[in-house]
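# Survey of secondary and tertiary structure
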Amino acid sequence: MQAKPRPAATPEQALSAMDQLIATHLVGQHEIAQQVGLSVTDLTCFAYVIEAGENLPTAGDLAARVHVTTGAVTGILNRLERAGYITRRPDPADRRRIRVAAQPEAVARVREVYEPYYARLTHLFADYSPEEVAVLHDWFTRASTLAATYLEEHCRPD
């Protein structure tokens with residue numbers, strides 16, 4: 001696919017567009033969380049459980065990812081378990097540790113809400129050449145790492 005001509009943009013314009021995307025995404029996360037009966041933090045935590053797949057995370061892993069204390073993540077996991085989103089399993093290597101697994105029915109419920117949005121994003125990516133998608137992937141990956149590092153350095157939970 002030939003790359004389509006794109007309008008020129010300055011870094012400031014790109015940052016402004018990114019800010020708009022993030023703001024819209026945050027509003028959307030609140031709306032989606034309400035649709036599935038969760039808070040945004042609980043939904044985010046559940047998303048990390050889904051992302052982990054068969055490599056089941058511990059409560060400590062989730063606390064670090066969501067930037068909450070281990071005490072706070074216990075409350076999150078209690079709510080997710082009561083709502084039928086997760087189960088807790090003993091760690092086979094260390095029975096004192098607990099691993100968190102997503103309930104398949106809950107994964108299906110959340111995916112049902114997100115799939116139409118992801119389909120639209122996939123359609124949007126089709127407007128870009130493979131090289132442009134590679135640049136987008138690189139930028140998103142590097143920006144995510146930068147954001148996580150910044151949060152770790154400046155926004156640690158106590």
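Shown above is the structure to which this text applies.
Note that this is a predicted model, so its numbers are computed, not measured.

### As for the overall build of the protein
From N to C terminus, the protein includes 6 helices and 2 strands. Starting at the N terminus and ending at the C terminus, the protein contains elements arranged as α-α-α-α-β-β-α-α. Burial analysis of the protein (158 residues in total) assigns 21% to the buried set. A separation threshold of at least 6 residues defines the contact pool for the protein, and within that pool the share at least 24 residues apart is 54%. Accessible surface, the protein as shown: approximately 11100 Å² in total, 58% of it carbon and sulfur. Averaging the coordinates of the 16 positive side-chain charges in the protein and doing the same for the 20 negative ones gives two points 6 Å apart.

### Focus on the packing of aromatic side chains
Two aromatic rings, taken as a pair, are described by how far apart their centres are and by the angle between their planes. Applying the stated rule across the entire model yields 4 aromatic pairs. Note on Phe46 and Tyr85: the rings are 5.0 Å apart at their centroids and 85° apart in plane angle, and the pair reads as edge-to-face. Here Tyr85 lies in the loop between α4 (70-82) and β1 (86-90) and Phe46 lies in helix α2 (residues 40-52), a separation of 39 residues in the sequence. Classification of Phe46 by relative accessible area gives buried; the value is 1%. Residue Tyr85 is classed as buried on the basis of its relative accessible area, which comes to 3%. Here Tyr114 and Tyr118 contribute two aromatic rings whose centre-to-centre distance is 5.8 Å and whose plane-to-plane angle is 50°, an arrangement assigned as tilted.

### Observations regarding helix α5 (residues 104-125)
The largest bend in α5 amounts to roughly 40° and is located at Tyr114, with the proline Pro116 lying one to four residues further along. For α5, the set of buried residues is Ala106, Val107, Val110 and Tyr114. Summarising the contacts, the buried residues of α5 are in contact with α1 (11-35), α2 and β2 (98-102).

### Remarks on the state of the cysteines
Disulfide: a covalent bond formed between the sulfur atoms of two cysteine residues. As enumerated under the stated definition, the model contains 0 disulfides in all. Of the cysteine sulfurs around Cys45, a residue in no disulfide, the closest is that of Cys155, at 18 Å. Taking the relative accessible area as the measure of exposure, Cys45 reaches 0% and is therefore buried.

### Description of the packing of α2 against α4
Put simply, α2 and α4 touch, their axes get as near as 10 Å, and they point 85° apart. Compared by their axis directions, α2 and α4 come out roughly perpendicular. Facing Thr41, Asp42, Cys45 and Phe46 of α2, the residues of α4 in contact are Val73, Ile76, Leu77, Arg79 and Leu80. In terms of residue class, the contact of α2 with α4 is made up of 6 nonpolar, 1 polar and 2 charged.

### Let's talk about the side chain of Arg99
Looking at the element boundaries, Arg99 is found in strand β2. The exposure class assigned to Arg99 is buried, which follows from its relative accessible area of 18%. Of the polar contacts made by the side chain of Arg99, one reaches the side chain of Asp91; its length is 3.0 Å. Filtering out sequence-adjacent residues up to four positions away, Arg99 remains in contact with Leu56, Pro57, Thr58, Asp61, Thr87, Arg88, Arg89 and Asp91.

### Here we look at unusual backbone geometry
A positive phi angle, near 60°, is found at His67, a position not held by glycine. As for its position among the elements, His67 is in the loop between α3 (59-66) and α4.

### Considerations on the nonpolar core
With 23 residues, the main nonpolar core has Leu43, Cys45, Phe46, Leu80, Tyr85 and Ile86 as its most contacted residues. Looking at this core, the elements with two or more residues in it are α1, α2, α3, α4 and α5. Among residues more than four places away in sequence, those in contact with Leu80 are Leu38, Asp42, Cys45, Phe46, Tyr85 and Ile86.

Definitions and cut-offs
Residues numbered from 1 in each chain as written. Predicted model: local features only at pLDDT ≥ 70, side-chain atom pairs only at ≥ 80, totals over all residues. Heavy atoms only, no water. Helix = DSSP H or I, 4+ residues; strand = E, 2+ residues; numbered from the N terminus. Buried < 20%, exposed > 50% of the residue type's maximum accessible area, 1.4 Å probe, protein only. Contact = heavy atoms within 4.5 Å. Areas by Shrake-Rupley, 256 points an atom, 1.4 Å probe, with all protein chains shown as cover. Lys, Arg positive; Asp, Glu negative; His and termini not counted. Charge placed at Lys NZ, Arg CZ, Asp CG, Glu CD. Phe/Tyr/Trp six-rings, centres within 6.5 Å; stacked < 30°, edge-to-face > 60°. Bend = angle between axes of the 7 residues up to and from the residue. Disulfide = S-S within 2.5 Å. Axes fitted to C-alpha atoms, helices over the stretch in contact; angles between N-to-C directions. Parallel < 35°, antiparallel > 145°, perpendicular 65-115°, else oblique. Nonpolar A, V, L, I, M, F, W, Y, C, P; charged D, E, K, R; others polar. Polar contact = N/O pair within 3.5 Å; in protein donor to acceptor, adjacent residues only side chain to side chain. Core = buried A, V, L, I, M, F, W, Y, C linked by side-chain atoms within 4.5 Å.

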